[in-house]
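In case you want the letters, here they are:
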Amino acid sequence: MTAADTILEVEEVSRSYREGGKEFLALERVKFQLNKEDFVCIVGPSGCGKSTLLRILVGLDRPTSGTVRFLGEPVRTGDARLGMVFQSFALFPWLTVEQNVEIGLEARHVPAEERRAKARKHLDGVGLTGFENAYPRELSGGMKQRVGIARALSLEPVLLCMDEPFSSLDALTSQTLRDEILQIWSDREVTPNAILMVTHSIEEAVYLADRVIVMTGRPGTVKAQCEIDLPRPRNPKEPEFFGWVDEIYSLII
Amino acid sequence: MAELREPRKKPSSTHHGLPKPGLTQILGLLTAIDGAGGETDVARIAVDVRMNIVTIGPVVDAAEFLGLVKVHEGDIVLTELGSKLLRSGLRQRKEIIRSVIDQMPLFRQVTDLIRAAGRPLSRQEVTETLSEHVGTHHSDATFQALVYWGRYVERVTYDGAAELLGLRGPA
């Protein structure tokens, strides 16, 4: 692994808050690295600070101490090379599907024609051609999240970050979206160089990731990093799959 | 491919001419069956995915209506078409589903109606036609299903602001 392969370096990141005159530590000396071709999931018990960590990693929050370096430089807010998919979809209800995808490109002053072409390409990539002029209210949760994914991918990010992207969806819908993310990941033409996803589902992490970062309860810190060596497609019914799920559960509980 | 042209004859209380659940849930169901070896109990899947008969029932029914599974006394089996759909990419999936939707009488009737009118039809015009087939009570839900599947297979456009349903031209 060379320095050129390193995408994200998280060095001793801590984050504390003051609440009711007291200081409490949410994250403590979190340290890990993300490289090209990594699909990494972060799991941990409720309240371990994994979403706070993700916000720090994409520059939406700042650590109390420690550093985050993205492509060798301190991470900054609004870096177009960092794509983000939110649990709540974060779509503008008054904009159509296509306009919701274009808006991120518009903010980066991409010319109108190029915006439209990119939006259409990435909507097609998530199977939403035909729904360009639909409004979010006309879409199911799974389709709304596909718009969120298309919007993030349209920026052609180096790193795609996802914060519990499937947790508000039913089990059948989320399974389909997991498989679609893996299809996108295997498509070298549109894929980002790495994916970092926060999830509270250990099964989901084992299904998707090459590596699972396991966090402790508050204050959140990295307890273990598990290299998931199962071939894809992975079958949750296989004993080897359950072996990994069991292993990670035992690290947390 | 005979399944494509001969969707099951069994009447259903949930589809009324077009499946209500979307393809995302249907694919999730097919994945669950495939993970169980291509054949399992509906009850087993419902337990695994923590859904109940009210939520999973329409998905099973829609998958059967589209010819993707066969259901008999609580057992559910992937058909050849269901298996093919599951193993296809996004674009190919759309082509497979298009060939099924194109054969659905209600879908054909509405698209023929728009074609004959030579203009997009209002939501009201379409739901009036639909209500003759599925009853007033189901016409709105059927309209929504028609818009969903029509958009998915890239046969129709729907302007939600103007409430106009039209045919999609070549891209």
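Every residue gets a number counted from 1 within its own chain, in the order that chain's sequence is written. By the order in which they are written, chains take letters starting at A while ligands take numbers starting at 1. Totals for whole chains, interfaces and linings use all residues, but because this is a predicted model, local features are given only for residues with pLDDT of at least 70 and pairs of side-chain atoms are given and counted only at 80 or more.

Caption draft 1: Seen up close, the overall build of chain A. Helices and strands together make up the secondary structure of chain A, namely seven helices and 10 strands. Here the C-alpha coordinates of chain A stretch approximately 45 × 45 × 45 Å along the principal axes. Across the 253 residues that make up chain A, the buried fraction comes to 45%. Once C-beta atoms are placed from the backbone, any two residues with those atoms within 7 Å are in contact. In chain A, the share of contacts with a sequence separation of at least 24, taken over all contacts with a separation of at least 6, comes to 69%. Put simply, DSSP H or I for four residues or longer makes a helix, DSSP E for two residues or longer makes a strand, and each gets a number counted from the N terminus. With C-beta atoms placed from the backbone, a residue counts as buried when 20 or more other C-beta atoms lie within 10 Å of its own, as exposed when 12 or fewer do, and as partly exposed for counts between those limits.

Caption draft 2: Representation of the interface of chain A and chain B within the structure. With 22 residues of chain A at the interface, the matching set in chain B holds 23 residues. Going through the elements one at a time, α4 (141-154) and α5 (171-186) of chain A are the ones with two or more residues in the side of chain A that touches chain B. For the side of chain A that touches chain B, the element with the most residues is α5(A), which contributes seven residues. Residue composition of the side of chain A that touches chain B, grouped by class: seven nonpolar, 11 polar and four charged. Note on residue categories: nonpolar means Ala, Val, Leu, Ile, Met, Phe, Trp, Tyr, Cys or Pro, charged means Asp, Glu, Lys or Arg, and polar means any other residue, Gly included.

Caption draft 3: Molecular detail of the sheet that holds strand β4 (residues 65-70) of chain A. All names here are of chain A. If DSSP finds at least two bridges between two strands, the strands pair. Strands sit in the order β2-β1-β4-β5 across an open sheet of four strands; the sheet is antiparallel. Edge positions in the sheet fall to β2 (22-35) and β5 (73-74), since each has one partner strand and no second. The pairing of strand β1 (residues 6-19) with β4 spans five bridges and is classified as antiparallel. Residue pairing for β4: Val-10 is matched across the bridge by Val-68. Interaxial angle, 0 to 180 degrees, is taken between N-to-C directions of lines fitted to C-alpha atoms, where a helix line uses only the stretch in contact. Running over the sheet, helix α1 (residues 50-57) touches β1, β2 and β4 and is turned about 120° from β1.

Caption draft 4: Quick look at the nonpolar core. Each nonpolar core reported here comprises buried Ala, Val, Leu, Ile, Met, Phe, Trp, Tyr and Cys residues connected via C-beta atoms within 7 Å. In this structure, Cys41(A), Leu57(A), Cys161(A), Leu196(A) and Val212(A) are the most contacted members of the largest nonpolar core, which totals 71 residues. With six residues, the top contributor of residues to this core is α4(A). Ignoring any residue separated from it by four or fewer positions in sequence, one finds Leu196(A) in contact with Leu34(A), Val40(A), Leu57(A), Leu159(A) and Cys161(A). If you look at the next biggest cluster of nonpolar residues, it comprises 47 residues, including Ala63(B), Phe65(B), Ile114(B) and Tyr148(B).

Caption draft 5: Representation of the sheet that holds strand β4 (residues 121-122) of chain B. Residue and element names in this part refer to chain B. The strand order across the open sheet built from three strands is β4-β6-β5, with neighbouring strands paired in antiparallel fashion. The two strands at the open ends of the sheet, each matched to only one other strand, are β4 and β5 (156-159). By the bridge criterion, four bridges tie β5 to strand β6 (residues 164-167) in an arrangement that is antiparallel. Its bridge partner lying in β6, Val-156 is registered against Leu-167.

Caption draft 6: Broad picture of the domain arrangement of chain B. Residues and elements named next belong to chain B. Domains assigned within chain B are domain 1 (2-86) and domain 2 (104-167). With seven residues of domain 1 at the interface, the matching set in domain 2 holds 13 residues. Of the residues in the side of domain 1 that touches domain 2, the class split is three nonpolar, three polar and one charged. Each domain's extent was defined by an automatic or database domain assignment.

Caption draft 7: Fine view of the pairing of strand β7 (residues 159-163) of chain A. All names here are of chain A. Judged by how many residues are buried, β7 sits mostly within the fold: five of five residues are covered. By the alternation rule, side chains of β7 split into Leu-159, Cys-161 and Asp-163 and Leu-160 and Met-162, which are all buried. Across four bridges, the pairing between strand β6 (residues 82-85) and β7 is parallel. Bridge pairing links Met-84 to Cys-161 in β7. Direction of pairing for β7 relative to strand β8 (residues 194-198): parallel, over a ladder of five bridges. Note that in β8 the partner of Asp-163 across the bridge is Val-198.

Caption draft 8: Region of the structure containing the confidence of the model for chain A. Chain-level pLDDT for chain A is 94 on average; 98% of the residues reach the 70-or-more range. A residue's pLDDT is the confidence the predictor assigns to it, expressed on a 0 to 100 scale. Here α5(A) is the element of chain A with the lowest mean pLDDT, 93, and strand β10 (residues 222-227) of chain A is the one with the highest, 98.

Caption draft 9: Expanded view of unusual backbone geometry. Cis geometry is found at the peptide bond from Arg218(A) to Pro219(A), where omega equals -5°. Mapped onto the elements of the fold, Pro219(A) is located in the loop between β9 (211-215) and β10. Residue Pro233(A) is reached from Arg232(A) by a cis peptide bond, and omega for that bond is 0°. Backbone geometry at His109(A) places phi at a positive 60°, although glycine is not the residue there. Of the residues examined, His109(A) has 7 C-beta atoms within 10 Å and is grouped as exposed. The residue Glu154(B) is not glycine, and still its phi comes out positive at about 60°. With respect to the helices and strands, Glu154(B) occurs in the loop between α9 (136-152) and β5. For Glu154(B), a count of 15 C-beta atoms within 10 Å translates into the label partly exposed.

Caption draft 10: Representation of the environment of Ser65(A). Residue and element names in this part refer to chain A. Turning to its location among the elements, Ser-65 is positioned in strand β4. Between the C-alpha atom of Ser-65 and that of Val-214, which follows or precedes it by 149 residues, the distance is 21 Å. In this structure Ser-65 touches Glu-12 and Ser-14, once residues within four positions along its chain are discounted.

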